[in-house]
Structures are given as structure tokens and as C-alpha cells.
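As a plain string of letters, each chain reads:
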Amino acid sequence: MVVRSVLTIAGTDSSGGAGIQAIIAAHGCYGTSAITALTSQNTIGVQGVQPTPPAFVEKQIHSVLDDIKTDAIKTGMLYDGECVRAVVKALTMHYPPSSLPPIVCDPVCVSTSGHSLLDPTAIQVLVDEFFPLTTVITPNKAEAELLLSHRGVPSQIKSIQDMVAAAKSLLRYGSHAVLLKGGHVITSMEAVQNLSRQSPTIDFVYSGLLSDNMEILQGRDTRDPQLVADVLCDSDGDQITLFVRPHIQSTSTHGTGCTLSAAIASHLARGSHCAASPTDPYPFVRLLIERNSLEWKGYVEHDFVKLLGRGRLPRKAFIHFMMSVFRSLK
């Protein structure tokens, strides 16, 4: 089996949850690294940052690329404008524009605990010089708002409609694709369905919940769960995809952005398209249901199935059903 190699250019995390430590294994790939900064941090917050000299960041990148075939690159905390320029210089010196490997940029600006991790001078350089080299950028809500406000674009993101508009605006910054993470934007199935009706060209991928015509199988009311959605805007086909899943109430979110961008980089290193999703294992069944929704409703939305799903089917009716099945199998 061929093991792919992913270079991560980012800071460290002394608590092991984020930064280089979160993604050194590169999700099944061989992980190499260039350290942009040392941080003193834990799951509560960031207590200190010591940047690496830009020339030494550049030297680390050359040391890796001169020796090890790199199938994808992932960047995290780049600290300041000089560090960003050092990264751009090293990559463009090593690769002609047409032969760059996939580059995933997690534009780390603010830690989950609220600590600033990117000098304000870096934003202009990041947008003008680095984003055009990237395959996909993966900002969260706060980072997207900061990047948009830098160019005077309306930047308040409060709904999934705002997320779609923000992703489209960020795509103009030069990356081939934008994955806007929606963990901080709580939505509902009603809002998702409204967006689906308003924008029929948007694709919706559901994970961890049952989609239309399937809710009866849970046997409980799931009409309005709290949801979150990530928005993928892809310039290759002018395609927008929403990855919708239940919201998880948790404080254990330290390093989740680093882990996600590393997972994307490892998939790209193995030749996947950035829109490929491992969260939908039954695409054929889903396609059948979506294309034949009225017929499917006839099978799942009658009294017998509803009562069975809710655990309220009379015992006599259930016995009759089982006997009928038994006789048909004899």
C-alpha cells in the first residue's frame, strides 16, 4: 500500500489538542511539519505565543520538500505577514504554479477560547498572496466574518442563508473552494427546508439524522432538532453543498478545526475531490428515496408503519403481521 505524505505548516499546542500535535499522524498519511510558532496553551486558553523566525519557517519547508514527496499541504496558525510570505516564497520556489499539490488553508485567526492567533498585518498577505495558491480554505464563523470585514463586505453571519452568502464572497478571494464551518451557527430543519425551496440548485448532505420520508423509523418527534451545517462552495462547477448534522452540545471542541482540515488534506493527498463526503454511506438508497419520494411515502406513511415506529401498534395487529410474513417465507 502506498502511504501518502502530508506537510503541515502550523504552530504547536502544548496540550496536544490542536496545532501540529492534533494532526501529525495526518489521518492515515505520513506526516511532516514546519513549525511556525510555539504556544503555551491548554483546553482553557492560550497563555503565550513564541513565533518562529520567518527565515527558519522557510528553511523547514525546503528541508521537507527537497527530500520527501509531498502529496498535500495543510496550513494552520501562520502568525504574521512575514511568516505568510515565507510560506508563499518557499512553496512557489519549489513548485511551478501548475504543479502545486492540494493545499488546505485553515485560516487560524482566533482560538476556540478567544485568543488572537493571527497578527492583523497578516490578513492582507493571507488574502492577496496565499489564498490564490490554495485548494480550499476552512474558516469558522468568526474567521469568515474577520476576513470579509477586511474588505468591507457585509460580514455578520447569523443564519445558514448568511453562511451561503459568506462562502460565495470568500470564494472571490482566490481559493478553488471554501468550506465554511457552521458549528457556531445553530439552525433548524425548517430553516434548511426553506433554503432548499429558495435555492433548488444547492445540494444537501445529511449526517446523523434521518431525512425526508425516513423520520418515522425513529419512532419519535424529530421535526425541529437543533442542527448545524457546513457550507462548501466549489468554483470548479459553481456548486454549493450543505453538510447538515445534529448540533452537539459540548465544551470539548479544542482542536476540532485543526483535525477537520487535516482530514481534508489527507483525503486530497489520496486523490479525493474536496466535495467527497464519507458521511453518506448509502448514496444509492438516498437517490432512490429522493427521486421517488411520493412512492416512498406510500410505503412508510400509513398507520401500520407509524404505530409500529412509535411502539403503539396493537399486539394483535403485530402478531397478524408476523404470521403473514412467516407464511410468505414458507
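Residues numbered from 1 in each chain as written. Predicted model: local features only at pLDDT ≥ 70, side-chain atom pairs only at ≥ 80, totals over all residues. Heavy atoms only, no water.

Trainee: So what exactly am I meant to see when it comes to the nonpolar core here?
Mentor: Generally speaking, a soluble globular protein has its nonpolar side chains buried in company with each other. With 58 residues, the main nonpolar core has Ile61, Leu91, Phe130 and Leu242 as its most contacted residues. Here this core gets seven residues from one element, more than from any other, and that element is helix α6 (residues 160-171). Cys29, Val104, Val136 and Ala269 belong to the second largest nonpolar core, which has 14 residues in total. (Core = buried A, V, L, I, M, F, W, Y, C linked by side-chain atoms within 4.5 Å. Buried < 20%, exposed > 50% of the residue type's maximum accessible area, 1.4 Å probe, protein only. Helix = DSSP H or I, 4+ residues; strand = E, 2+ residues; numbered from the N terminus.)

Trainee: How should helix α5 (residues 141-149) be read in this particular structure?
Mentor: Side chains that are three or four residues apart share a direction in an α-helix, a result of its 3.6 residues per turn. Buried residues of α5: Glu143, Ala144, Glu145, Leu147 and Leu148, and no others. On its buried face, α5 is in contact with α4 (121-130), α6 and β8 (177-180). The opening residue of α5, the one whose side-chain oxygen lies 3.2 Å from the backbone nitrogen of Ala142, is Asn140. (Contact = heavy atoms within 4.5 Å. Polar contact = N/O pair within 3.5 Å; in protein donor to acceptor, adjacent residues only side chain to side chain.)

Trainee: Honestly, the pattern of salt bridges in this entry has me stumped. Any pointers?
Mentor: Where side chains of opposite charge bring their charged atoms close, a pairing between them can arise. This model, assessed by the stated rule, comprises nine salt bridges. Between Lys89 and Glu58 there is a salt bridge, and its shortest N-O distance comes to 3.8 Å. Taken as a pair, Lys89 in helix α3 (residues 81-94) and Glu58 in helix α2 (residues 54-65) lie far apart in primary sequence, 31 residues in all. Using a relative accessible area of 14% as the deciding quantity, one classes Glu58 as buried. The residue Glu129 makes a salt bridge to Arg85 at a minimum N-O spacing of 3.4 Å. A residue pair is termed long-range when its members are at least 10 positions apart, and Glu129 in helix α4 and Arg85 in helix α3 qualify at 44 residues. Judged by its relative accessible area of 32%, Glu129 falls in the partly exposed class. Put simply, Arg4, Lys69 and Asp71 are held in one network by salt bridges that share partners. (Salt bridge = Lys/Arg side-chain N within 4 Å of Asp/Glu carboxyl O.)

Trainee: Hey, could you run me through the packing of aromatic side chains in this one?
Mentor: A ring pair, where both rings are aromatic, is described by two values, the distance of the centres and the angle of the planes. Applying the stated criterion across every chain yields a total of two aromatic pairs. Here Phe131 and Tyr173 contribute two aromatic rings whose centre-to-centre distance is 6.5 Å and whose plane-to-plane angle is 25°, an arrangement assigned as stacked. Of this pair, Phe131 sits in the loop between α4 and β7 (136-137) while Tyr173 is found in the loop between α6 and β8, placing the two residues 42 residues apart along the sequence. Aromatic pair Phe204 and Tyr206: ring centres 6.4 Å apart, planes at 15°, arrangement stacked. Judged on exposure class, the residue Phe204 and its partner Tyr206 are both buried. Directly above the ring of Tyr173 sits Arg151, whose terminal nitrogen or CZ lies 4.6 Å from the centroid. (Phe/Tyr/Trp six-rings, centres within 6.5 Å; stacked < 30°, edge-to-face > 60°. Lys NZ or Arg CZ within 6 Å of the ring centre and 35° of its normal.)

Trainee: In this structure, what is going on with the side chain of Lys181? I would like to understand it.
Mentor: Considering the arrangement of structural elements, one finds Lys181 in the loop between β8 and β9 (187-188). At a separation of 3.0 Å, a polar atom in the side chain of Lys181 contacts the main-chain carbonyl oxygen of Thr138.

Trainee: Is there a simple way to explain the packing of α6 against helix α7 (residues 189-198) in this structure?
Mentor: Contact geometry of α6 with α7 gives a least axis separation of 10 Å together with a crossing angle of 50°. Taken together, the axes of α6 and α7 lie oblique to each other. Across the interface between the two elements, Ile160, Gln161 and Val164 of α6 pack against Ala191, Val192, Leu195 and Gln198 of α7. Residues belonging to the contact of α6 with α7 are distributed by class as follows: five nonpolar, two polar and no charged. (Axes fitted to C-alpha atoms, helices over the stretch in contact; angles between N-to-C directions. Parallel < 35°, antiparallel > 145°, perpendicular 65-115°, else oblique. Nonpolar A, V, L, I, M, F, W, Y, C, P; charged D, E, K, R; others polar.)

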